[in-house]
Amino acid sequence: MPQTSASSLGSPGPLLWSLPALAWLTGLGLLQQLSALPSPPSLALLGLAALLAWLLTLVCWRRGRRPAALLCLSLSLGLLAFAQLGWRAQQRLSASVPAAWEGRDVLLQGRVDSLPTAVQGMAGAVGWRFEFDLLSARDASASPGQDLTPVLPRRLLLSWYAEPGEPAPPLRAGERWQLMARLKQAHGLMNPHAFDYELWLFEQDLRATGFVRLQRPAQLRRLQPAAWYSLDAARQRLREALQQRVADPAHAGILAALSLGDQAAIARPDWALFRDTGVAHLLSVSGLHVTMFAWGAQGLIGMLWRRSARLCLAWPAPAAARWGGVLAALAYALFSGWGVPAQRTVWMLASLALLRALGLRWPWGLSLLAAALVVTAIDPFAISQAGFWLSFVAVGLLMASGSEDASAKGWRNHLLLGLRSQWVATLGLAPLSLLFFQQLSLIGLLANLLAIPLVSFVIAPLALAGALLPPLWMLAEAMVALLMAYLQFLAAWPWAVWTVPVAPLWAQVLGLLAGVLLILPLPLRLRLLGLPLALPLLWPAPPQPAAGEFEILAADIGQGNAVLLRTASHSLLYDSGPQYAPGVDAGQRVLVPLLRALGVRELDSLMLSHRDSDHVGGAASIIAAMPVKLLHSSLEDGHPLHAQAPATRRCEQGQRWSWDGVTFEVLHPRAEHYAQALKSNAMSCVLRLRSQSGRTALLVGDLEAGQELELLRDLGPAALQSELLLVPHHGSKTSSTPEFLVAVAPRWALVQAGYRNRFGHPAPAVLARYQAQGIPVLDSPNCGAWRWRSEAQEGACLRQSQRRYWHAQAAQPAQIMGPWPEGEGTQGLQD
């Protein structure tokens, strides 16, 4: 078949031919930056404009004006991408739980639409998290209840916890169930540079979350088992067989992730090891793994195909290898659950193979852009996923460097080609790793040297083949044990991981350009130019408060307190947030990543106001993850956190110090309070800070009414007056007395509480007191993280300043209808 290049299609060069695909991607990207979607009439007008541009394209093409035609086509595709994604996003956003039905008992019937993921509740109760395809729903408070099927989303993310001490419920993929549940709108924590849980739910088309109610067990019943031919049922049986055959649960989880896409089966310590050694992309970014698997299958099929002259005459080996790789990727993607990243990768590989089959020998960049256009036409929301960029960049790097050369002969040349591919992938993806994850494994090349071939060509095939021949799982487990031993050996090296703060946009762009230069087949002197270009990304200088000023960042950590206070060269963390579940807390999931992203490498002080778990839940993880010079708290002498900190100090009234011109003062408790056996809330450390310019803030923990009045009596109103007040006890009825509010007279009152928390914080009566004093109240469910620099006049809510159209709308603090299990609002952090 004759080969057609981009330039042979007309006079325009490859760059001009790439404009339509670039315009399409730009249109998608621009819409994803909007805080609100355009109105339907606006989208209709854009669609009409796209049609007119398309007609103009046809006119220019017929007249032989190829460059003008391509420019018109680019305009048409850019407008069409923007308009159609806007329309699809509106359809998806329209499916949401009405506010009136949040937290109310609803009787659901539907199908378990995913492999259930094992989870643990606050009290250690075991359970499952699973996607639920809703078939019918009605109000459970009446009989017969109102039909809610038309107003509820079709796809739900549910959690089902057993009673403490009981086994997990007997739930299996593909089964139809009737469940009593309470639902809420898609909502997640929102912090700077953090994982966007609401975006993830939106991309997966999961427009509501909820939990199964156990109070009426008669309403919980299996309606229909999974069909014997169901792929979901087969995957469930395979997972159970694998867990029974492989003795080590950690190794079984890795094999389940590789064969079934069950990434939640991997233990958290193993995930940390994979991240630190730079091999997490083989497991966590399934699109990249499917790509490597397809590449390996393509090489194997091509090698075997060339051994038969008859087969080569019937169908050329390169074509057979390409389509064999696509089929292998399709089989793997189906078997691993047909998740969104796997689907995206299959379409990408199929597009590239089709271009080759049609004889379109386009430049590698143009081929890749065409594949990206096909992928995003099918799944336009993929444009916002890190896996989309990692997958395409990995393929592009291999193409650009010539590492996909299929003409290599002999095992030595294949080995050298494989080594070059690993070098290119590791070096070329380094800037993206820093951009997305703010860390780079310095041992990644050595780790991937073994991990990529071992996982892609040995462990994953063995894990899949074990479905037909289970003894192969034993060999796969031995290979996993070898890999883990190798990775643990590398991870023990000093300076194994390079962690950096988030770099400014210009440094990110230069870093990406550096990665491209370093791997392109260019003269050495040109490639070395990439090193200085990478420096701003490798050593960014994060902004700091000016001398004499401070910065406050109240993190969005759910139900608890955690406030970062920074001066020009010092950092103090006031409280450490809650524990979400056994082994999962705000320290490891929110605060440590946040501190690293901001460039905070050590804490001068960790102040824990009192011993309640929603204030000290993340402390142990923080102390283990980074240097903490001083633990400043009201904890009792025997508290285990004292043994973990290098130095400890009691909070006592009268303590005062100055950092970079900012004054810190402890106002409570008094020394004699430690001998009075007061309850923990009454022992809350109260901290006031003041800048040289006179800006003030007051953090009071869970202080209650008695201690508020005591402070007012002992110190007087002048010592309490502050522009910012961290609302006492999250807005509980026990605190925020009118006298205290008059004395503090804040410009802002900030409530750190969980979305639809089971305590009903902040209480309506308390909010009324603030309203009576004319004090605006900000709460973390509606504000997200709140940030204020004392030299600025106003603070900023992240949910407003960085809002995107898929984020939950700000509203009045939610009122509770029935209890909500602790930790449900942070389920994305527990996985």
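Note that the structure is predicted; figures quoted are calculated from it, not measured.

1. Focus: the sheet that holds strand β15 (residues 605-608)
(1) Moving on: Strand order in this open sheet of eight strands is β17-β16-β15-β12-β11-β10-β25-β26, and the pairing throughout is mixed. Of all the strands in the sheet, just β17 (648-650) and β26 (796-797) have a single pairing partner and so form its edges.
(2) Moving on: Sheet topology places strand β10 (residues 551-554) next to strand β11 (residues 563-566); four bridges connect them, and they run antiparallel. Looking at the pairing, Ala554 lines up with Val563 of β11.
(3) Moving on: Taken strand by strand, helix α21 (residues 586-598) contacts β10, β11, β12 (571-574) and β25 (786-789), and its axis lies near 25 degrees from that of β11.

2. Details of the pairing of strand β6 (residues 208-212)
(1) Moving on: By the criterion of burial, β6 is predominantly enclosed, with five of the five residues buried.
(2) Moving on: Here strand β4 (residues 155-161) runs beside β6; their pairing, made up of three bridges, is parallel. Directly across from Leu157, in β6, lies its bridge partner Thr209.
(3) Moving on: Here strand β5 (residues 176-185) pairs with β6 via five bridges, running antiparallel. Of the residues in β6, the one forming a bridge with Arg182 is Phe211.

3. A short note on the environment of Pro521
(1) Moving on: Inspection of the secondary structure assignment puts Pro521 in the loop between α18 (505-519) and α19 (524-527).
(2) Moving on: Owing to a relative accessible area of 54%, Pro521 belongs among the exposed residues under this scheme.
(3) Moving on: Spatially, the C-alpha atom of Pro521 lies 46 Å from that of Ser42, the residues being 479 residues apart in sequence.

4. Points about the packing of helix α6 (residues 231-245) against helix α7 (residues 249-260)
(1) Moving on: Contact geometry for α6 and α7: axes closest at 10 Å, N-to-C directions at 155 degrees. Between α6 and α7, the angle falls in the class roughly antiparallel. Viewed along their axes, α6 and α7 form a crossing whose handedness is right-handed. The segment α6 lies against α7, with Arg235, Leu238, Arg239, Leu242 and Gln243 engaging Ala252, Leu255, Ala256, Ser259 and Leu260.
(2) Moving on: Among the residues making up the contact of α6 with α7, the classes are represented as six nonpolar, two polar and two charged.

5. A look at the sheet that holds strand β22 (residues 724-726)
(1) Moving on: Pairing is mixed across the open sheet formed by seven strands, whose spatial order is β18-β19-β20-β21-β22-β23-β24. What marks the edges here is a single partner per strand, and that holds for β18 (656-659) and β24 (777-779). Between one strand and the next, the sheet's axes are offset by a mean angle of 20 degrees, whatever the strand orientation.
(2) Moving on: Pairing analysis gives three bridges linking strand β21 (residues 696-699) to β22, with the strands arranged parallel. Paired with Leu698 across the two strands is Leu725, which belongs to β22.

6. A closer look at the environment of Leu179
(1) Moving on: Its location among the elements puts Leu179 in strand β5.
(2) Moving on: Along the chain, Leu179 and Phe211 lie 32 residues apart, while their C-alpha atoms are 9.5 Å from each other.
(3) Moving on: Excluding residues that lie within four positions of it along the chain, Leu179 makes contacts with Val106, Leu107, Leu108, Phe130, Phe132, Leu158, Trp160, Val212, Gln219 and Leu220.

7. Side note on the state of the cysteines
(1) Moving on: According to the stated counting rule, one finds two disulfides in the structure shown.
(2) Moving on: Covalent S-S linkage joins Cys783 and Cys797, the inter-sulfur distance amounting to 2.1 Å. Judged by the sign of its S-S torsion, about -100 degrees, the cystine formed by Cys783 and Cys797 is left-handed. Of this pair, Cys783 sits in helix α28 (residues 780-783) while Cys797 sits in strand β26, and the two are 14 residues apart along the sequence. Summarising the burial analysis for this pair, Cys783 and Cys797 share the class buried.
(3) Moving on: With cysteine numbering restricted to those in disulfides and following the sequence, the protein chain has the pairing 1-2, 3-4.
(4) Moving on: Of the cysteine sulfurs around Cys72, a residue in no disulfide, the closest is that of Cys60, at 4.4 Å.
(5) Moving on: Overall, Cys72 belongs to the buried group, its relative accessible area being 13%.

8. Let's talk about the confidence of the model for the protein chain
(1) Moving on: Summary statistics for the protein chain give a mean pLDDT of 87 and a share of 91% for residues scoring 70 or more.
(2) Moving on: pLDDT under 50 marks residues 6-10. Its contacts with residues more than four places away, or in other chains, come to 12 contacts.
(3) Moving on: Per-residue pLDDT stays below 50 along residues 813-831; that stretch engages in 70 contacts with residues further than four places along the chain or on separate chains.

9. Focus on the packing of aromatic side chains
(1) Moving on: Per the counting criterion, the structure on display carries 21 aromatic pairs.
(2) Moving on: A ring pair is formed by Phe130 and Phe132, whose centres lie 6.2 Å apart and whose planes are at 75 degrees; its orientation type is edge-to-face.
(3) Moving on: With relative accessibility at 1%, the residue Phe130 sits in the buried group.
(4) Moving on: For Phe132, a relative accessible area of 0% translates into the label buried.
(5) Moving on: Arranged with centres 6.1 Å apart and planes meeting at 10 degrees, the rings of Tyr197 and Trp200 form a pair that is stacked. Here the residue Tyr197 and the residue Trp200 both occupy positions in helix α5 (residues 197-203), the gap between them amounting to three residues, near one helical turn.
(6) Moving on: A relative accessible area of 28% places Trp200 in the partly exposed class.
(7) Moving on: Three or more aromatic residues joined by ring pairs form one cluster here, namely Phe202, Phe381, Tyr805 and Trp806.
(8) Moving on: Of note, Arg66 hangs over the ring of Trp61, and the distance from its end group to the ring centre comes to 4.0 Å.
(9) Moving on: Positioned above the aromatic ring of Phe202, the side-chain terminus of Arg92 is 5.7 Å from the ring centre.

10. Thoughts on a nonpolar patch on the surface
(1) Moving on: On the surface, Leu45, Leu48, Leu51, Leu52, Trp54, Leu55 and Leu58 cluster together into a nonpolar patch covering about 670 Å² of accessible area.
(2) Moving on: When you line up the elements, Leu45 lands in helix α3 (residues 40-62).

11. Focus on the pairing of strand β1 (residues 105-112)
(1) Moving on: Extensive coverage of β1 is indicated by the burial of six of its eight residues.
(2) Moving on: Pairing geometry for β1 and β5, over seven bridges, is antiparallel. Pairing of Leu107 across the sheet is with Met180, part of β5.
(3) Moving on: Pairing of β1 with strand β3 (residues 126-139) involves seven bridges; the strand directions are antiparallel. Residue pairing for β3: Leu107 is matched across the bridge by Arg138.

What counts, and at which threshold
Residues numbered from 1 in each chain as written. Predicted model: local features only at pLDDT ≥ 70, side-chain atom pairs only at ≥ 80, totals over all residues. Heavy atoms only, no water. Pairing = 2+ DSSP bridges. Helix = DSSP H or I, 4+ residues; strand = E, 2+ residues; numbered from the N terminus. Contact = heavy atoms within 4.5 Å. Axes fitted to C-alpha atoms, helices over the stretch in contact; angles between N-to-C directions. Buried < 20%, exposed > 50% of the residue type's maximum accessible area, 1.4 Å probe, protein only. Parallel < 35°, antiparallel > 145°, perpendicular 65-115°, else oblique. Left-handed = near helix turned anticlockwise from the far one by under 90°. Nonpolar A, V, L, I, M, F, W, Y, C, P; charged D, E, K, R; others polar. Disulfide = S-S within 2.5 Å. pLDDT = per-residue confidence, 0-100. Phe/Tyr/Trp six-rings, centres within 6.5 Å; stacked < 30°, edge-to-face > 60°. Lys NZ or Arg CZ within 6 Å of the ring centre and 35° of its normal. Patch = residues over 30% accessible without salt bridge, like charges linked within 9 Å, V, L, I, M, F, W, Y side chains within 5 Å. Areas by Shrake-Rupley, 256 points an atom, 1.4 Å probe, with all protein chains shown as cover. Salt bridge = Lys/Arg side-chain N within 4 Å of Asp/Glu carboxyl O.

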